[in-house]
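# An overview of the molecular structure
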Amino acid sequence: MLILSKAVKEYKMGDSLVRALNGVDLEIRKGDFLAIVGSSGSGKSTLMHALGLMDTLTSGTLHVNEQETSKLNSAQRATLRSQEIGFVFQTFNLLPRLTIENNVLLPAQYSRRAHPAKLPDAIAVLERVGMAHRIGHKPNELSGGERQRVSIARALINKPSLILADEPTGNLDSQNMVNILKLFTDLNAEGQTIIIVTHDPDVAKNARNFIRMRDGQIIETDLKR
Amino acid sequence: MNFFSGLLNGFQEAWENKFRSLLSMMGIILGVASLVAMMGVAEGLIRDFRAIFERSGGIERVSIDQTKVPEWQKTRASISSKRTLRDLDAILDNVTLADYATAQFNANWKEMIYGNRKYWSQITGVTTDYQPVFNVEVADGRFIADIDVHEAQRVAVIGTNVLENMFPKDVSPVGLSFNIAGLPYRIVGVLKKQMYIRGGRNILDRLNQVVYIPVTAAQSQFGKLDEVHGIYLKANNVAYLSELVSQTENTLLATHRGIHDIEVKTREEDLIELKKNEAGFKYSIGSLAIISLIIGGIGITNVMLASINERIREIGVRKAVGARSSDVFLQFIAESISISLIGGVLGILFSFALVNVVMSIMPPNTVNIILTTEAFLLGFGASVFTGVVSGIYPAFKAAKLDPITALRYE
Ligand SMILES: Nc1ncnc2c1ncn2[C@@H]1O[C@H](COP(=O)(O)OP(=O)(O)OP(=O)(O)O)[C@@H](O)[C@H]1O
Ligand SMILES: [Mg+2]
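In this text the structure is predicted, and so the values were computed from the model without any measurement.

### Things to note about the overall build of chain B
When you go through chain B residue by residue, the secondary structure sums to 13 helices and 12 strands. Computed over the C-alpha atoms, the radius of gyration of chain B is 33 Å, more than 25% above the 22 Å expected from 2.2 N^0.38 for a compact globule of 410 residues. Buried residues in chain B amount to 47% of all 410 residues. The contacts of chain B with a sequence gap of at least 6 include a subset with a gap of at least 24, amounting to 79%. Total accessible area computed for chain B in this model is approximately 20,100 Å², and 60% of it derives from carbon and sulfur atoms. With 40 positive and 40 negative side-chain charges, chain B shows a separation of 5 Å between the mean positions of the two kinds.

In structure tokens, the structure reads:
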């Protein structure tokens, strides 16, 4: 479904170059539940951004559903991103002025589908994450765990092939963390492909497959599949 | 995301930040209000000018002026008499492009006596066609007739000021006789009162002061036979004004025995002058409004930039969930337009209030302010335009934000 090969991402820092990704090969198959671990600065977020078409590679290729993406312009990448990828962030990133309903429907605005998701779809995904009863509220009226559930609902609204979650439990207490991980596990059991970045070894255990990164490279792979 | 949900979003944003939005709208409100109100003042003045122009014969009126004889004809100039009634007859016979032609004899201010009343008035000798050429309206009785002119009858048509100052109230003066500079005249008509009040004053009042008598009677009493002080024509079709002018010139060249001592003048120059004034007026108002709209636009740009700075993360999120740069651009342009639209509507309302206040504190008929739909549309259009222009830079800035940087932004 997603094939990343020989991925290199360099950042210029004044005169010096930082290699955030240094030759990463990775294949994601439908139904995967992959955890990415590694120390801070090892390139996990950079990898997620590359996989999520948020960023372009310095070299290497990314195929999404057999489509080579390096030739796409930013508008094409944006459309592909809205249709194929759902992001879940550490800091939730819900828009404070919008209601839960409108936050969840935000990706639908940009999906450019003939039949974009509507209120019933929003209710459906909110029900799936157990937040439908708060549909008219604003994000600041919700707890951290609840906000993360809403942001997962938002990631699901366009029925993406892949959900990318970059430290989704980093801002949560342990009880909420367990609940959110349970939610991801259940979603994966229903067939949803998920990649999750984490520092937490317990979380990594939760996922079926995991890779470990250091200095922009994958140094350990455990793909049970 | 379509443009209208963008506008709606913009209205919401403006509502969320009421005070800031209002501040940023100040320039637009003032700009649009001054634009609309000043357009109203200009429109009023222009209509005044035009009304007066029309009441004095409009563009159809053509006059024959005396001019200096050119250098090369100086020695022979005496073979031509000046303007005479023979000129008028020749015009009436030959100038087919004029429906009416009249001559005028200015007897100037003369004393009039009725019983024990004395009154001074401007006595003008005219012919029957004077009425259509100068759009004179008679309220009571009739105007000077052809037969009065032919027979040099001592009859008079008087203005309302003369009526009010010399004759009994509540009865028609038609048929009464009075003296003009010692000779008796019989009143045959009273003119309609001419009123056009501006600045608290009837600017047409001198037209109520006049006394018209047959030109021949005026000549025999106050001047020499045949002498006239003005000849006027009324064109039957303004499309052929220049043809009318050459017809008249040719005719008069014959009666003046080849001497170029007259000039046929149309009021086109007056009209051009009028239009120039109108244009000048509109330009100065326009530039004033543009200055305040520019200031208003800068206000909006500033608020948009501040708002974008606060919402960098929002932009990152929108892009992460699939917004293209063009979506973000459109969103912020729509927001800026919605701010300026609100400003424009408030400005139009404000101009309405402003005009009403001005009209109510000024004495009646001092100023004539006419708010036209055109002015409203212009005000509205100007606000939308300002919104677009002032939104471009902030929207561009927002659109080109890198989503990853935007998401990392604290
Ligand atoms: N925009 C940038 N400009 C320069 N260097 C960058 C930029 N973004 C990331 N880097 C560098 O790339 C490397 C990888 O960063 P990345 O954010 O992927 O790490 P991470 O594994 O997600 O770390 P963390 O666990 O702290 O989130 C780091 O050394 C970082 O400093
Ligand atoms: Mg990271």
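That was the structure; now back to the text.
### Digging into the site of ligand 1
Every one of the 14 residues lining ligand 1 counts as a neighbour, but S40, G41, K44, S45 and T46 of chain A are closest to it. Ligand 1 sits at a junction of chains, with neighbouring residues supplied by chains A and B. Here an oxygen atom of ligand 1 sits 2.8 Å away from a polar atom, N or O, in the main chain of G41 of chain A. Contact between ligand 1 and S42 of chain A: an oxygen atom at 3.3 Å from a main-chain N or O atom of the residue. Taking 630 Å² as the accessible area of ligand 1 by itself, protein coverage stands at 69%.

### Remarks on the interface of chain B and chain A
In this assembly, 22 residues from chain B lie in contact with 24 residues from chain A. Both sides together, the interface formed by chain B and chain A hides about 2,100 Å², and carbon and sulfur atoms give 55% of it. On the chain B side of the contact with chain A, V321, R324 and I404 of chain B bury the most area, a combined 29% of that side's loss. Counting across the interface, chain B meets chain A through two salt bridges. Two residues, E13 of chain B and R97 of chain A, come together in a salt bridge whose shortest N-O distance is 2.7 Å. On inspection of chain B and its partner chain A, the count reaches nine residue pairs in polar contact (both at pLDDT 80 or more). Looking at the side of chain B that touches chain A, the elements with two or more residues in it are α1 (3–16), α10 (312–320), α11 (325–361) and α13 (403–408) of chain B. The leading source of residues in the side of chain B that touches chain A is α10 of chain B, at six residues. In the side of chain B that touches chain A, the residues fall into eight nonpolar, four polar and 10 charged.

What counts, and at which threshold
Residues numbered from 1 in each chain as written. Chains lettered and ligands numbered in written order. Predicted model: local features only at pLDDT ≥ 70, side-chain atom pairs only at ≥ 80, totals over all residues. Heavy atoms only, no water. Helix = DSSP H or I, 4+ residues; strand = E, 2+ residues; numbered from the N terminus. Rg over C-alpha atoms; globule rule 2.2 N^0.38 Å. Buried < 20%, exposed > 50% of the residue type's maximum accessible area, 1.4 Å probe, protein only. Contact = heavy atoms within 4.5 Å. Areas by Shrake-Rupley, 256 points an atom, 1.4 Å probe, with all protein chains shown as cover. Lys, Arg positive; Asp, Glu negative; His and termini not counted. Charge placed at Lys NZ, Arg CZ, Asp CG, Glu CD. Near = heavy atom within 4 Å. Polar contact = N/O pair within 3.5 Å; in protein donor to acceptor, adjacent residues only side chain to side chain. Buried area = accessible area lost by both parts, 1.4 Å probe. Salt bridge = Lys/Arg side-chain N within 4 Å of Asp/Glu carboxyl O. Nonpolar A, V, L, I, M, F, W, Y, C, P; charged D, E, K, R; others polar.

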